[in-house]
Amino acid sequence: MNGLLTAIRSEIFVALHTFASKLIVLAPALIVLLQSIIVKLSTASQQARDSLLGNSSFEDSIANNAYGYYVDGLSTGLTMLGLLLVAQAAYSFSYERDIGSLRHLLVRRVSRSSLILAKFIHLHVLAVLSLLLLILTSYVFSGMFWEFGPIVEDGFELISEAEIQEEIRLGLHLAIIPIPAAIAFGLFVSVCAQSATQAVTTALGITLALDIFKGLLGNFSNYIYASFQASLIDESYLQDVSRLVRGYSDVLIDDRVQQLNLWVPFPALLLFLALTILIVQRRKI
């Protein structure tokens, strides 16, 4: 336990004095802020054009509802956060091994498994801080630029605010669950790679490859944790929520897929973490 606490204190010290940790916390929120500003300018221009032409429709009321933009912000931020966490997880151990700083901790009787667990915990702390800032930023600026409210057509409420908020909570929950497995995957690559550069390129390359080819895997993709993450080619439930909160009724919800979303990431997390600890015990540092 003392070795783990020493390793965690080391991670905290490094986090406070490096740019990478600050980037993980701040970048997703800043990207969402920029996205919100660009989308607001674009929608304002389109609405002004429609107003001049006398065009007004149900789509105009949807365009003014903040919930859709709030979910879009969450999706964009989580995509960015997932990539940053995988890259940092792959970089952290391999870089410190390359420069020899890990030996100083080992000399202080810190076990190799404690090193891995400390990095795992540290990355989760960064993920939580980044997620909280992302949610706050997306919610505040969505409410600032648009108006939160139910989906209404011709005076009839299609979706209430309570239903919208419940779907958003579910979508966010399901999108967050795979993040620990992604962190564990990055650490696994980190201990396997020969250098920090190789670790980062391999981890990001495999992550993006899974994203690109998951559509070709059919139902088998539901047994891969990465399929449930918010990503560049997004097939997560959060993407469905983005359509639901805009009033689309053609979204098909598969309860079986949601159950797989809840359970598949945990075996992947345990497998990557166990393999990482096993390999790091055998590798020369």
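Criteria and thresholds
- Residues numbered from 1 in each chain as written.
- Predicted model: local features only at pLDDT ≥ 70, side-chain atom pairs only at ≥ 80, totals over all residues.
- Heavy atoms only, no water.
- 1 Å grid on protein atoms, 1.4 Å probe; cavity = no way out; pocket = protein on both sides within 12 Å on 5 of 7 lines; lining within 4 Å.
- Points joined across faces, edges and corners; volume = space filled by probe spheres on them.
- Helix = DSSP H or I, 4+ residues; strand = E, 2+ residues; numbered from the N terminus.
- Core = buried A, V, L, I, M, F, W, Y, C linked by side-chain atoms within 4.5 Å.
- Buried < 20%, exposed > 50% of the residue type's maximum accessible area, 1.4 Å probe, protein only.
- Contact = heavy atoms within 4.5 Å.
- Phe/Tyr/Trp six-rings, centres within 6.5 Å; stacked < 30°, edge-to-face > 60°.
- Lys NZ or Arg CZ within 6 Å of the ring centre and 35° of its normal.
- Axes fitted to C-alpha atoms, helices over the stretch in contact; angles between N-to-C directions.
- Parallel < 35°, antiparallel > 145°, perpendicular 65-115°, else oblique.
- Left-handed = near helix turned anticlockwise from the far one by under 90°.
- UniProt positions renumbered as here; feature names shortened; annotations may be inferred.
- Salt bridge = Lys/Arg side-chain N within 4 Å of Asp/Glu carboxyl O.

Below, the discussion takes up empty space enclosed by the protein. Under the counting rule described, the total for this entry stands at three cavities of 30 Å³ or more. Here the largest cavity is characterised by a volume of approximately 120 Å³. Only helix H4 (66-99) and helix H9 (196-213) provide two or more residues apiece to the lining of the largest cavity. When its volume is computed, the second largest cavity comes out at roughly 40 Å³.

Next up on the list: the nonpolar core. With 68 residues, the main nonpolar core has Leu78, Leu85, Ile168, Ile183 and Tyr225 as its most contacted residues. With residues near it in sequence (within four places) discarded, isoleucine 168 still touches Tyr67, Tyr70, Val71, Leu74, Val241 and Val245.

Next up on the list: the packing of aromatic side chains. Scanning the model with the defined rule gives eleven aromatic pairs in all. Each ring, one from tyrosine 91 and one from tyrosine 95, has its centre 4.9 Å from the other, and the planes form 15 degrees; the classification is stacked. With tyrosine 91 and tyrosine 95 both in helix H4, this residue pair falls four residues apart, about one helical turn. The partly exposed category is assigned to tyrosine 91, whose relative accessible area is 33%. Look at tyrosine 95 and you get partly exposed, because its relative accessible area is 35%. Seen in terms of ring centroids, tyrosine 139 and phenylalanine 148 are 4.7 Å apart; in terms of plane orientation they differ by 15 degrees. Their pairing is stacked. For phenylalanine 148, a relative accessible area of 19% translates into the label buried. An aromatic cluster is defined as three or more aromatic residues linked by ring pairs; in this entry it consists of Tyr67, Tyr70, Tyr139 and Phe148. Cation over ring: arginine 246 sits above tyrosine 69, and NZ or CZ is 5.4 Å from the ring centre.

Take the packing of helix H6 (residues 112-145) against helix H12 (residues 265-282) next. Axis separation between H6 and H12 bottoms out at 8 Å; the angle between their running directions is 140 degrees. Between H6 and H12, the angle falls in the class oblique. As H6 runs across H12, the sense of the crossing is right-handed. Two secondary-structure elements touch here, H6 through Arg112, Ser113, Ile116, Leu117 and Phe120 and H12 through Leu269, Leu273, Thr276, Ile277, Val280 and Gln281.

Looking now at the UniProt feature "transmembrane region" (unreviewed entry) in the protein. Summarizing the sequence annotation, UniProt attributes the feature "transmembrane region" (unreviewed entry) to residues 12-38, 74-95, 116-141, 170-192, 199-217 and 262-280 in the numbering used throughout. Between the end C-alpha atoms of residues 199-217 the distance is 25 Å, and the span holds 79% helix and 0% strand.

Turning our attention to the pattern of salt bridges. Following the criterion strictly, the structure yields six salt bridges and no others. We note a salt bridge from lysine 119 to glutamate 11, for which the minimum N-O separation is 2.7 Å. Linking lysine 119 in helix H6 with glutamate 11 in helix H1 (residues 2-16), this pair joins segments that are 108 residues apart in sequence. Like glutamate 11, lysine 119 is buried. Members of the salt-bridge network, linked through shared partners, are Glu11, Glu96 and Lys119.

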